[in-house]
Structure formats: C-alpha cells, structure tokens
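For reference, the chains in residue letters:
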Amino acid sequence: MNVVVCVKQTPDTAASLSVKDGRASWGDAPLVLNPWDEYAVEQALRTKETHGGKVTALSMGPTEAREALKQSLAMGCDEAVLVTDPALAEADSLVTSAALAAALRKIGDVDIAFFGKQAVDTDTGVTAAQVARRLGWPSLTLTAAIPALDPSQRSITVERMMEESRQTVRAGLPAVVSVVKEINEPRYPSFMGIRRASKAEIPVWSAADIGLTPVPAAVLSWPEMIAPPKVEVSCEFIEGATPQEIAAQLVSKLFEAKVI
Amino acid sequence: MAEKVLVYLDHFEGVAPPATWETLGAAKGLAADRQSGVAAVAVGSGLDHLAAQAIQHGADHVFLVDSPSLKDFRPEAYADIVTQQLRDQAVEVWILPTTSRTRELAAMVAVDFETGVTPDVIAWESVDGVVVATRPIYAGKLHTREVNRKRTPQILTVRSRAFPIPEPEAGRTGEVTKLAITPGHAVTEVLGYKPSEAGVSLSDASIIVSGGRGVSNNPNLSPPAEITDPKQQEIWRAQQGFALVRALASVPGAAVGASRAAVDAGYIPYANQVGQTGKVVSPDLYIACGISGAIQHQAGMRTSKAIVAINRDRDAPIFKLARFGVVGDLYDILPALTTEFATRLGKM
Amino acid sequence: MDLHLTPEHEMVRKMVRDFAEKEVAPIIQEWDRKGEMAPHILPRMAELGILGICLPVRYGGQGFDYLSLGLACEELEVVDTTLRVIMSVHMGLNSLGLLQWGSEEQKIRFLVPQARGEKVAAFGLTESGAGSDVAAMASTARRAGDDYVLNGEKIWISLATKAHHVLWFAKTDPVATDPHDGISAFVVETALPGVSCGDLHGKLGVRAGSTGWVSCQDVRVPSSHRLGEEGEGFRIAMSCLDNGRYTVASGATGLIRASLEASLRYAQERRTFGRPIAGHQLVQQKIARMVQSYEAARLLYWQAGWLKNIGRRNTRETSMAKWFATDASVEAALEAIQIHGAYGYSDEYPVERYLRNAKGAVIYEGTSEIHTLMQAGYALGTRTDAALRLELPAYDAAAWQAAAA
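Just so you know, the residues in each chain are numbered from 1, in the order the chain's sequence is written. All chains are assigned letters beginning at A, and all ligands numbers beginning at 1, according to the order in which they are written. Only residues with pLDDT of 70 or above have their local features reported here, since the model is predicted, and side-chain atom pairs are shown and tallied only from 80 upward, although totals for entire chains, interfaces and linings are computed over all residues.

**Some words on the overall build of chain B**
- Broken down by element type, chain B carries nine helices and 16 strands.
- Radius of gyration: C-alpha atoms only; globule rule: 2.2 Å multiplied by the number of residues to the exponent 0.38. Against the compact-globule benchmark of 20 Å for 348 residues, chain B has a radius of gyration of 23 Å, which places it among compact chains.
- Each of the three principal axes of chain B carries a C-alpha extent, and together these read 70 × 45 × 40 Å.
- Buried means a residue has 20 or more other C-beta atoms within 10 Å of its own C-beta, exposed means 12 or fewer, and partly exposed covers the counts in between; C-beta atoms are placed from the backbone. Expressed as a percentage of the 348 residues in chain B, the buried residues total 60%.
- Here the contact rule is simple: place C-beta atoms from the backbone, and any two residues whose C-beta atoms are within 7 Å are in contact. Intrachain contacts of chain B at a sequence separation of at least 6 include 66% that bridge at least 24 residues. The helix count covers DSSP runs of H or I at least four residues long, the strand count covers runs of E at least two residues long, and both are numbered beginning at the N terminus.

As structure tokens, this is what we get:
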C-alpha cells in the first residue's frame, strides 16, 4: 500500500497563548507534531505493517515544519516531503487543501491519505474533507476504527464517530481518512528512527514543483485576533457539617443562579 | 422570492439536534440585515415533520430533498445536492450548525465554490454586506475574527449553544418545496450504526457531570479478590467512582464527561473526554468531580456558564474557574448531591 | 564551544520524557506506597531500547552517545528516581564496565543481551562491612582448576531481585600487601546454583525500586567470566563508578528540575495574603536558588558527558557533578516542601517523595564526604588518576552505529 500521512506542526497544547501584533504568540513553548496527527501517523504505520508498502509523511508549512516531519520519520515513516513556498504563507484551508491535493497527485498512486481530526492551532478540521473533494476520493472523517481494509478488493470499511452513534461506512480506495484519538495509541519514536530522522534530508517542494501555479489567494482574512477576556470568578466554597448539608446549600445556590 | 440566507437542517434519522434550531434562530438577524427571509434545506428521508418544525423555529421557506436513497448521511452525495441548491438559489450566506456531519459537508461545498468556510462560529455581525464571524482557536485560548470578502456564498458553521434556541411558534406558516435532485456517483456505502458510548451528547448538554483521575481515589473500597492486577484494581475503583458520577448525571439528564487523565488511565471511553484533545463544551452547569483542572482540560470547559468543582485539594487549579467549590471527598459529596437533586427536581 | 543539543538529543529527550510521563507518572505514587517496582517498567524500558541507549549497535545497543545517557537519566528522574537507578546499575555500573573491560567473547555473551534488555544487570561491590572502604570486603573467590568458587554477601544492591547478571567483586588474594590489589571482578549469573537474593524493605526512599542483597555460596564461575585481570578488580570498580556517578549526577539534575517545576506550579496557584505566594520574595528566593542549582548541575553533567564522548578521563569532573547535583537535589526538595507548606508534608503532592529519594544519592556511589575529600585531594595535588590498562572508549558515531560484521 502506498500510504501518505498529512501532518502539521503546532504549538504544544500546554502553551499559554497571547496576541502579539495581531498574531497568535505562544512565547517560547515548543512546536510539536500536532497531537491529533500522532494518531494518523500511528494508523499509517499500522496499515503498512499489516499490508506492506510504504508511508510518506507530507506537510505544508514554513521550513521549521521539518521538525514535525522528523518526528514522523522517527516514529517510523519511510519518507517525508515538505511543501513550502512564500506564496503559501497566508494560506487558508482552501489553499492548504489545494496544495496538499496537488502534492498527493505528484506523489502519485496513493492508496490512503491519513489526517488527524484537526489541528490544535486553527481548530478548523476541514482540510481532510477538502482534499478528498478536490481529488474526488471518498472522505472518511472522524474515523474511530477500521474494521476492514482489503487492498486487493480496493475496499476499506471504517467506523465514523457521530454525536448520536457510530456510522459504519464502506468505500473504495484511494480514500482520505481522518482519525480520532480512540483509534489507537501512538508509539514513541524509536532510537533507530530518531537517528534516521535526524540524518534525513527532507525534500522540499515549492508551489511550482507541485504544479500549483499561480498559487490561489486565500479567500479568508483575519482582521482581528483577541485573547478572550479572562472570566474572573471568585470561587465560593460551600461548607457544612455533613455532606447532606453541603449538598442542600449547593443545590439552592445553583437554582438561584438559574443554571438548573 | 429568493432568500439570501440558507440554513442547513442537520439531523440524524429525522431528529435535529438543538444546534439546528439555534442556527435557524441566529440566522434571522443576518437575514434581516439583508432584507431577506430565512430559507432552510434538509436532505434525507421522511423529512416532512422536520420541515414543519423548521417553520415553527423561524424558517420562511424549506427545501426538502427527500428520498429513501438519501436516508444515510453520505458527505459526497449530500454535498452534490447542496451545491446545486446553493447555485440555483444564488444564496449569499449558508449557515450550518456544527456537528460531525456538517463540518465535512461545509468543507466540501466550499471547495465546489472555491469559497471560504468558517467553522465553530460563536458570534457574528454584518459589516458592509458581509458576515464578520468570531470563532475560537487554540481550543478557545484565543478568538479570531474571520471574514470572506471575496466569494459567495459565505459558509459558516455555528457552534452548539453559542446562540439561544428560539421558542417554536405553533401557528407559524411557511412554504415547503420538495426538490428532486439526484446526487451523482455514490462513492461510499453505509453499512449500519452502532450505539455511541457517550450517552447524552456532550456538545448539546446543558448540564455536564465530569470525573477525573480523583474518582479512583478511595482506598476504603476493596476490589473483589479475583482482581489481582493493581491496574485492574485501580480501574475497578474508578468505575465505582464513575457510577456515582453517572448516578448524579442521570437525575437532571446530564451528559457524563471525563478528563484526559481519566480517559488515558482507561477509566472511561474517549468519547467522554472534555478538553483540548477531546470535546470543547459550553453547558450551563459543569460539575467537575476529582478533576484538578490542567490547562488542557480548562480549554475544553472554561466557557461553561457555571462551574462547580468538587476536589479534595483546596489548591487545585479547577477552583480558580469554579463559581462554587466543595473541598471534600467526592465519595461523600456525590451521593448526597444526587439525593438533593432528585428531591428538588421532584424525581423522588 | 557549542552548548546546543542536537536535534537527535532533543528527540531522545522527548521520547524518554513521553515514556516516563505517560506510563510511569500516573502510577508512581501508588507503587511508591506499596514499596514495589511496577512490573511493566523494565520490560517497557527494554522494548523501547532505553536499556541499551549508549551501547554500540553491534553489541545490541542503540548507538547513541554518552550525553544521551545523561539526558535520558535526567528525564527519567524527573518522574521517579527508581527509573534512573535502573540506568545507574544496568548501564552505568555494569554494561559500560563490560564495554570498557570485557573481552569480545564476554561482550557477545553478556553485553549483547543486556543492551537488548533481555538480561538485567546489577553491580555487587558493597558489603555490610565494606562501603566507602572497599578494600575491607570479605567476599572471596578461590581458584579451583579452571573455575573460581565464590563466597560472600553483597548488600544495598539495586535490582537485586531483578538482575540476571551481577558484576561481582571478591578477593582472589585475601592477604595481598595492598588489599586493593587482591580484588578481582566476575560476571555472576544469578541463575547459577548457590546464588540467592532478596529485597530490603523499610527504606526511606526509592521505594518503587528493588534494593536488596545477593549472596554467593560456593558458586562455581568459569575463569572466562572474570572481567579484566586477576587483581584488577578495584580499578575496574572505580572506573565503573565513574559511569555510575555520571548517571546519578544527571538524574539528580532531573530531581532538582522536578522540585523546581512543582514549586513553580504551586507558587503560582496558592494564594496567601491576597496574592499568589510566588509574589512573596522569600518564596522567590527559594525558586531562584533552585534555578541556579539546576543550571549549574546540568552544565557539570554535560561537561562530564562531553569528556566521556571524547574519551578523556573524567573521574574528577564526574565526582564534582555527582557531589554538587545530589547535594543540591536534597536542598531543592526540602525547599519545595517548604513552598508547599503542610501539603508538601503529605503525599498529596510529590515533593515529599522527591526528598526521600534525594537523600539516598548523597550516600550511595560515594558519599558527599568522599567526594569532598576527592576534590580536596585533586586541588592539593595529593590525588591523581593513574592511567588504566583499558579506558572507556571514546564515542565514535560511525563505529557505534555500524551493524554487526
């Protein structure tokens, strides 16, 4: 199987965010592989381990995004490609999906493109479906399990998380699959993987290299970014001699506050 | 008549989540800005009652694409239909509630128009004829204003509970049009459904009771002798704790949530996780039991209207967010609270 | 001069940290209370390759450098000292000793399974009557044809009940003029008849680890299992300590960081007199001191790791790093408890465990008093390090990473 996993570099989720010059700033918090993408990398590796083939990690972003790709290589991906271009710096999801779709075409003969459910920075969660739409592939988003995958029949069955239930869907390959945390437990990078990753020369593709000329302009713009006002609540501690007394007081207060 | 604002009526087997009606209510204002009414579209099978409900909730004109072959949500087919409808109607603004289905549907239709999609909108205003939307990013640690001035339709998905749910008007009238649109190629086949583990949906719940790692913290409970593995003993203890959490939740019909620590420890399925790598929720009341309040958890629940924290450690960060705090053992407090709720709500 | 870690070092650090945080941190308090080692720890460290981190690939290791060992020890001890203790005895005191002194045959037989984590290794030097005074040991190894017959009991042995191999020191010449010259080193397989072992309980700290005794009663060991030459045991033991102390130093640096991080978190949460206690200057002083200790301890162990990498003798620098970091870790843990107030005194917070764990390290692998005297000796010129017949090999990336021929 020719498996691609699309990854993004994001600030660590423990980072404190603020706004500096109209942009998000995470201070000196480290940049990491988007935590959701770790599940996608793991699933890509498991797919290869079961069905053979290779896994390519693909990212679009600034040159520093190479580190996220190195993390993917260290986990066990065979190859990595970075799509980077000054013209892509202000990309919205529409442009990002166009670039990733073009890169997937250039890689060629891809059977599955895995994605994490969303990126923890922009939180849009639309890129996977947009790439699928552009390529005309089935879009299997929010996948929590892959009960069947048969490369010879070119068929994949997944369970998708919906609010009300899990939907079991069968589709043909190639397909786009975005995964949620429940699907697996990501492995740590191995020492061998770390060494291979640190030595790897990651090919860099420009917009022209993937045939994205001219680069479409972003449709969305972001006139303002704000840190939401901190809600200063002072906690009222409920005390009482017995749990019953505490419960009675607390419930009265909740009714007064009209939250029940 | 062609309405400039179209609302997508998301539903599962003909039942719309509250977010669908919230979106319909919120659309009214945007439509008024454009001297337009609100149109709505639903795709599925057996949707007459949904159309009637939509009119009661404020739709002026409902388009139904109703066919047994569309019973199951399939994004490709649904996107084909909606794209055609948006073209035919020359819609300026298309609004959807944010659910697992619509995020994908909106994304695909946006590609068809090479237009923008703004998910998870919590507020908006009309400026110079376009919608400038506010949406949380970085799990709500920041908000960004986002606008598409270049293309139509503007596509926005509205976050659950960001807008009030409109009161249905029993006698309200509106037009219903049935469309016969056949989607193109079927690229996926739905084989069936399995029940979700989470019970009451976290994103729609007005009350959530959540448990953290602290639920296993009761040394007085001794696991049955046949459980010898310490990890399994811990999980057994946690399950006793979560039984108390569930009991409390069941009285007011609340959803059950959990911290990442509790999910990672194997106490409860991931579907229940609240936080940066789980669900972001915004209920009226969030009761955090044995949750210390790591920054990642806070990111998922800090916009709750009122937070109650029950924790043994008075200095736990969760108390900084909480309106009401109880310093104590959840094994003592939760049963008392369950009884009290049941009495007050007349369920005893 | 370049104090940047390479991306490879950074990835190693993150990987070890992720393991310790995800798989050990959530359960460590429980196992510390129980006084046992969590059963999954050794198999997982083996599986992940941590047990062979800085050994050459051709001996079953991961081919990383000596600094990586220190970085791993720091990350492990941030979560719990017992994790680092595993590295101290398995890698520092035993496996690196085999790498330095072992014959090719011994490396294949003993080092390869240790590097892969299939066999766990311990270090048998201390006896009830011989701690700092190594030459006072009573264990004997009597030559009997092609074998040696070992008798004696070692105590305060980390991984006593987990180890498959013990690097065992015993007197082959109990009447040597200089008793140091009468000691030899052996690899003892604990499965051999006559070997018994047990764990000690009631320790102040490192309760989630195994510390115990190993006894040899008429244990026959072939002479091919003797490490180095007859009478070379004391020099071997001291060279092993150069590596063991390095892991203790880097680990203690991690313990300082743990105290610092816990204090930073708590001081910004806890409020007294209307503001977070971090706003009070006497709390700030404690925090500043921890930062100072952490930075200094880190530079000292990085220096030792760098010397090992380039193949320079580092007894003096390693002793300094170990002495400083362990003393500072006790102080940091004490101050962390003080910052936490009464909560720090209970096991609701981890800082009391940090103190209990820190105290051991100013005693084992050379007490702080021994290191004080060593440093005075170097300064006064009364102590010098004689060259060894075999030195710890310098790190050579190509040689370390080459696969088996």
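**Things to note about the overall build of chain A**
- Per the secondary structure count, chain A includes six helices and 15 strands.
- With respect to the principal axes defined by its C-alpha atoms, chain A has extents near 70 × 45 × 40 Å.
- By the burial criterion, 54% of the 260 residues in chain A qualify as buried.
- Within chain A, residue pairs in contact and separated by at least 24 positions form 68% of the contacts whose partners lie at least 6 positions apart.

**Description of the sheet that holds strand 6 (residues 123–127) of chain B**
- Two strands pair under a simple rule: DSSP has to find at least two bridges between them. Taking strand neighbours across the sheet as the criterion, the four strands line up as 14(A)-8(B)-7(B)-6(B) in an open arrangement whose pairing is antiparallel. Two strands in the sheet have a free side with no partner beyond their single neighbour: strand 14 (220–226) of chain A together with strand 6 of chain B. Each strand of the sheet is rotated relative to its neighbour by a mean of 25 degrees, with strand direction disregarded.
- Relative to strand 7 (residues 130–137) of chain B, strand 6 of chain B runs antiparallel, the two being bridged by five bridges. Across the sheet, residue Trp124 of chain B finds its bridge partner in strand 7 of chain B, namely Ala133 of chain B. Note on geometry: axes are C-alpha line fits, over the in-contact stretch for helices, and angles between N-to-C directions span 0 to 180 degrees.

**Re the interface of chain A and chain C**
- Contact with chain A, which involves ten residues of that partner, is made by 15 residues of chain C.
- Secondary-structure elements contributing two or more residues to the side of chain A that touches chain C are helix 2 (66–75) and helix 5 (191–199) of chain A.
- The greatest single-element share of the side of chain A that touches chain C, amounting to five residues, is contributed by helix 5 of chain A.
- All amino acids are sorted into three groups, where Ala, Val, Leu, Ile, Met, Phe, Trp, Tyr, Cys and Pro are nonpolar, Asp, Glu, Lys and Arg are charged, and the leftover types, Gly among them, are polar. Among the residues forming the side of chain A that touches chain C, the class breakdown is six nonpolar, two polar and two charged.

**Looking at the interface of chain A and chain B**
- Of the residues lining the interface, 69 residues belong to chain A; the matching set on chain B comes to 75 residues.
- Taken together, the elements giving at least two residues each to the side of chain A that touches chain B come down to helix 3 (93–107), helix 4 (127–135), strand 9 (139–150), strand 10 (155–161), strand 11 (165–172), strand 14, strand 15 (236–237) and helix 6 (243–256) of chain A.
- Take the side of chain A that touches chain B: its biggest share by element is ten residues, from helix 6 of chain A.
- Its residues assigned to classes, the side of chain A that touches chain B comprises 38 nonpolar, 16 polar and 15 charged.
- Where strand 11 of chain A meets strand 11 (residues 188–195) of chain B, seven bridges bridge the pair, whose relative direction is antiparallel.

**Comments concerning the environment of Glu175 of chain B**
- Tracing the backbone through its elements, the reader meets Glu175 of chain B in strand 10 (residues 175–178).
- Here the alpha-carbon distance between Glu175 of chain B and Ala59 of chain B, two residues 116 residues apart in the chain, equals 8.8 Å.

**Considerations on the nonpolar core**
- Core analysis: the biggest nonpolar cluster contains 329 residues, and Val5 and Ala99 of chain A, Ala40 and Val308 of chain B together with Phe186 of chain C have the highest contact counts within it.
- Per-element accounting of this core gives the leading share, 16 residues, to helix 7 (residues 233–269) of chain C.
- Apart from residues lying up to four places away in sequence, Ala99 of chain A is in contact with Met60, Val83, Leu88, Ala91, Ile210 and Leu212 of chain A. Note on definitions: a nonpolar core is a set of buried residues drawn from Ala, Val, Leu, Ile, Met, Phe, Trp, Tyr and Cys, linked by C-beta atoms within 7 Å.

**Section: helix 11 (residues 368–380) of chain C**
- Here the expected span of a helix is defined as 1.5 Å times the quantity of residues minus one. Helix length check: helix 11 of chain C, at 13 residues, gives a terminal C-alpha distance of 18 Å against a target of 18 Å (1.5 Å per residue), a fit within 8%.
- Remark: Gly381 of chain C follows helix 11 of chain C within two positions and exhibits a positive phi of approximately 80 degrees.

**Some details on the environment of Lys106 of chain A**
- Its place among the elements puts Lys106 of chain A in helix 3.
- Distance in space between the C-alpha atoms of Lys106 of chain A and Ser139 of chain A is 20 Å, their sequence separation being 33 residues.

**Section: the sheet that holds strand 13 (residues 255–258) of chain B**
- Taken in spatial order, the six strands line up as 15(A)-16(B)-15(B)-14(B)-12(B)-13(B) in an open sheet, and their pairing is parallel. Each of the sheet's edge strands pairs with one partner strand only, and the pair in question is strand 15 of chain A together with strand 13 of chain B.
- When strand 15 of chain A meets strand 16 (residues 324–327) of chain B, the two strands line up parallel, connected through two bridges. Its bridge partner lying in strand 16 of chain B, Phe237 of chain A is registered against Gly325 of chain B.

**Let's talk about the pairing of strand 5 (residues 183–189) of chain C**
Residues and elements named next belong to chain C.
- Of all seven residues in strand 5, six are buried, a share of seventy percent or more.
- In this structure, strand 4 (residues 165–171) lies alongside strand 5, joined through seven bridges in antiparallel fashion. Looking across to strand 5, one finds that Ala170 is bridged to Ser184.
- Two elements, strand 5 and strand 8 (residues 226–227), share two bridges in a ladder whose sense is antiparallel. By the bridge assignment, Ala185 is partnered in strand 8 with Leu227.

**A closer look at unusual backbone geometry**
- Each neighbour pair has its own omega, and for Leu173 of chain A with Pro174 of chain A the value is 0 degrees, a cis peptide bond.
- The residue Pro174 of chain A is located in the loop between strand 11 and strand 12 (175–179) in this model.
- A cis amide bond, omega -10 degrees, links Thr152 of chain B with the succeeding residue Pro153 of chain B.
- Counting through the fold element by element, Pro153 of chain B comes out in the loop between strand 8 (142–148) and strand 9 (154–158).
- Unusually for a residue other than glycine, Leu142 of chain A sits at a positive phi of about 55 degrees.
- Structurally, Leu142 of chain A is set in strand 9.
- By C-beta crowding, Leu142 of chain A is classed as buried, having 25 other C-beta atoms within 10 Å.
- For Asp218 of chain C, which is not glycine, the phi torsion reads 50 degrees and is therefore positive.
- Within the secondary structure, Asp218 of chain C is located in strand 7 (residues 211–222).
- Classification of Asp218 of chain C by C-beta neighbours within 10 Å gives exposed; the count is 11.

**Quick look at helix 1 (residues 7–24) of chain C**
- Look at helix 1 of chain C: 25 Å from first C-alpha to last across 18 residues, which is about the 26 Å you get at 1.5 Å a residue.
- Of all the residues in helix 1 of chain C, the buried ones are Glu8, Met11, Val12, Met15, Val16, Arg17, Phe19, Ala20 and Val24 of chain C.

**Examining the confidence of the model for chain B**
- Per-chain confidence: chain B averages 91 in pLDDT, with 97% of residues scoring 70 or above.
- Scored as a complex, the prediction yields pTM 0.87 and ipTM 0.92. Confidence of the prediction at every residue is given by pLDDT, a number between 0 and 100.

**With respect to the packing of helix 9 (residues 315–344) of chain C against helix 10 (residues 351–361) of chain C**
Residue and element names in this part refer to chain C.
- Close contact between helix 9 and helix 10 brings their axes to 8 Å; oriented N to C, the two are set at 160 degrees. Taken together, the axes of helix 9 and helix 10 are roughly antiparallel relative to one another. Considering only the axes of helix 9 and helix 10, their crossing is left-handed. The segment helix 9 lies against helix 10, with Thr326, Ser329, Val330, Ala333, Leu334, Ala336, Ile337, His340 and Gly344 engaging Val351, Glu352, Tyr354, Leu355, Ala358, Lys359 and Ala361. Any angle that is under 35 degrees is reported as roughly parallel, and any over 145 degrees as roughly antiparallel; angles of 65 to 115 degrees are reported as roughly perpendicular and all others as oblique. Should the near helix be turned counterclockwise from the far one by less than a right angle, the crossing is left-handed, whereas a clockwise turn marks it as right-handed.

**So, the packing of helix 3 of chain A against helix 4 of chain A**
Residues and elements named next belong to chain A.
- The geometry of helix 3 relative to helix 4 is characterised by a closest axis approach of 9 Å and an angle of 55 degrees between their N-to-C directions. If you check the angle between helix 3 and helix 4, you find them oblique. Between helix 3 and helix 4 lies a crossing of right-handed hand. Contact with helix 3, carried on its side by Ser93, Leu94, Thr96, Ser97, Ala98, Leu100, Ala101 and Leu104, involves Thr127, Gln130, Val131, Arg134 and Leu135 of helix 4 and no other residues of that element.
- By residue class, the composition of the contact of helix 3 with helix 4 is seven nonpolar, five polar and one charged.

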